[in-house]
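Listed below, chain by chain, are the residues.
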Amino acid sequence: MKFAVIVFPGSNCDLDMYHAVKDELGEEAEYVWHDSTDLSGYDGILLPGGFSYGDYLRCGAIAQSSPVMDEVKKAAEAGKPVLGICNGFQILTEAGLLPGILLRNKNLKFMCRTVGLKVENANTLFTNEYMAGQEIQIPIAHGEGNYYCDDATYDQLKNNNQIVFSYADDFNGSRNNIAGIVNERGNVLGMMPHPERAVSDLIGGSDGLSLFKSIVKQWREANVSHA
C-alpha cells in the first residue's frame, strides 16, 4: 500500500507520519507538497499535524484552499482512505470533508500530554484492529482541539455511528468528549490525538499502530487477490 503524506508550509508532524508508515508499518510512503495536482498514484492520503500557514485566519483555513486539496477531495470521493490528524483534522473540517469545527481549548491553553481515548466504533477501516469500548493511550498536542457542532450535526454523527474516538476525560471542551469522527461513507477520519506518535514502545506506547494496521488490512482485503 502506498501513502501520500501531504506537506503544507508549517506542517511539523509529517516526519512522524512518514516514520509510522514506512518504518513501523513497512508500507510505502512519499511526501507530497501542497501544490501537487495529482494523487492518483496513492492508495491512502495522510494529512499531518502542525501549524499550516501559521494558523492564520483559522487553523486549516488557508490550507484548505491549497491545490492539493482538490485532489484530496477526489481521493475521498473515490473511496480511498483519508486520515487527518490534529491540524489535518482542522483542514478536513475547513474543506467540508468532515462536519463541525475545532475551537480553542476551553482553558485557552496549548495542551500536550498523553490521554485516554475510548474506541466508540471499531467497525471502520481505521479501527478494525481495535475492540469496541477499548481504551487506548494516545498523545495530544493542540491549542484548538475543542470539537464543536450544532445539535442536528451531533444527532447525525451519533445516529450514523460516525463518532469513532472519544476522550476518557473532558479537558478541552469538545462536545460529548468527541476526539475523532468519520464521514458518512466511513473513509475519511479526522482526529485531534496523534496515533503516529504512539507506534512503538520505545517512544512511550504503541496503541496508535493499530490504526495504521487497520487501514492496510482493509485495503489488502479489498485490493489484493487471495487466489
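Just so you know, the residues in each chain are numbered from 1, in the order the chain's sequence is written. In keeping with the model being predicted, local features are shown solely for residues with a pLDDT of at least 70 and side-chain atom pairs are shown and tallied solely at 80 or more, while totals for entire chains, interfaces and linings include all residues. Hydrogens and water are ignored here; the side-chain numbers use all heavy atoms of the structure.

So, helix α5 (residues 209-223)
No. 1: Numbering of helices and strands runs from the N terminus, with a helix taken as a DSSP run of H or I at least four residues long and a strand as a DSSP run of E at least two residues long. Given a helix with a known number of residues, its expected span is that number minus one, times 1.5 Å. Look at α5: 21 Å from first C-alpha to last across 15 residues, which is about the 21 Å you get at 1.5 Å a residue.
No. 2: In what follows, residue pairs with any heavy atoms lying within 4.5 Å of each other are defined as contacts. On its buried side, α5 packs onto β1 (2-7), α1 (14-25), β4 (82-85), β9 (163-167) and β11 (188-191).

Points about the UniProt feature "active site" (unreviewed entry) in the chain
No. 1: UniProt marks Cys 86, His 194 and Glu 196 with the feature "active site" (unreviewed entry), using the numbering shown here. Taken along the chain, the residues just named run across 111 residues; in space they keep tight, none of their C-alpha pairs more than 10.9 Å apart.
No. 2: Mapping His 194 onto the fold places it in the loop between β11 and α5.
No. 3: We classify His 194 as buried; its relative accessible area is 1%.
No. 4: Sequence-distant contacts of His 194, that is, excluding residues within four places in its chain, are made with Cys 13, Gly 49, Ile 85, Cys 86, Ile 138, Pro 139, Ile 140 and Ala 141.
No. 5: Structurally, Glu 196 is set in the loop between β11 and α5.
No. 6: A 3.5 Å cut-off defines polar contacts: any pair of N or O atoms within that distance qualifies, except that in protein one atom must be a possible hydrogen donor and the other a possible acceptor, and neighbouring residues in sequence count only when both atoms are side-chain atoms. At 2.7 Å, the side chain of Glu 196 forms a polar contact with the side chain of His 194. UniProt positions are given in the numbering used here, feature names are shortened, and annotations may be inferred rather than shown by experiment. Exposed residues in this analysis have more than 50% of their type's maximum accessible area, buried residues have under 20%, and partly exposed residues fall in between, with area computed by a 1.4 Å probe over protein chains only.

Quick notes on the pattern of salt bridges
No. 1: When a carboxyl oxygen of Asp or Glu is within 4 Å of a side-chain nitrogen of Lys or Arg, the pair counts as a salt bridge. What the rule picks out here adds up to nine salt bridges.
No. 2: Note that Asp 16 is salt-bridged to Arg 197, the shortest N-O span being 3.5 Å. Of this pair, Asp 16 sits in helix α1 while Arg 197 sits in the loop between β11 and α5, placing them 181 residues apart in sequence.
No. 3: Under the relative-accessibility criterion, Asp 16 is labelled partly exposed at 27%.
No. 4: Classification of Arg 197 by relative accessible area gives partly exposed; the value is 26%.
No. 5: Among the ionic pairs, Arg 175 bridges to Asp 151, the shortest N-O distance being 2.8 Å. Taken together, the residues Arg 175 in the loop between β9 and β10 (178-182) and Asp 151 in helix α4 (residues 151-159) connect sequence positions 24 residues apart.

Observations regarding the packing of α1 against α5
No. 1: Relative orientation of the contacting elements α1 and α5 amounts to 70 degrees, with a least axis distance of 11 Å. Viewed along their axes, α1 and α5 adopt a mutual orientation that is roughly perpendicular. Listed contacts from α5 to Met 17, Ala 20, Val 21, Glu 24 and Leu 25 of α1 are Leu 209, Phe 212, Lys 213 and Val 216. Axes here mean lines fitted to C-alpha atoms, for a helix over just the part in contact, with angles spanning 0 to 180 degrees between N-to-C directions. An angle below 35 degrees is read as roughly parallel, one above 145 as roughly antiparallel, one from 65 to 115 as roughly perpendicular, and any other as oblique.

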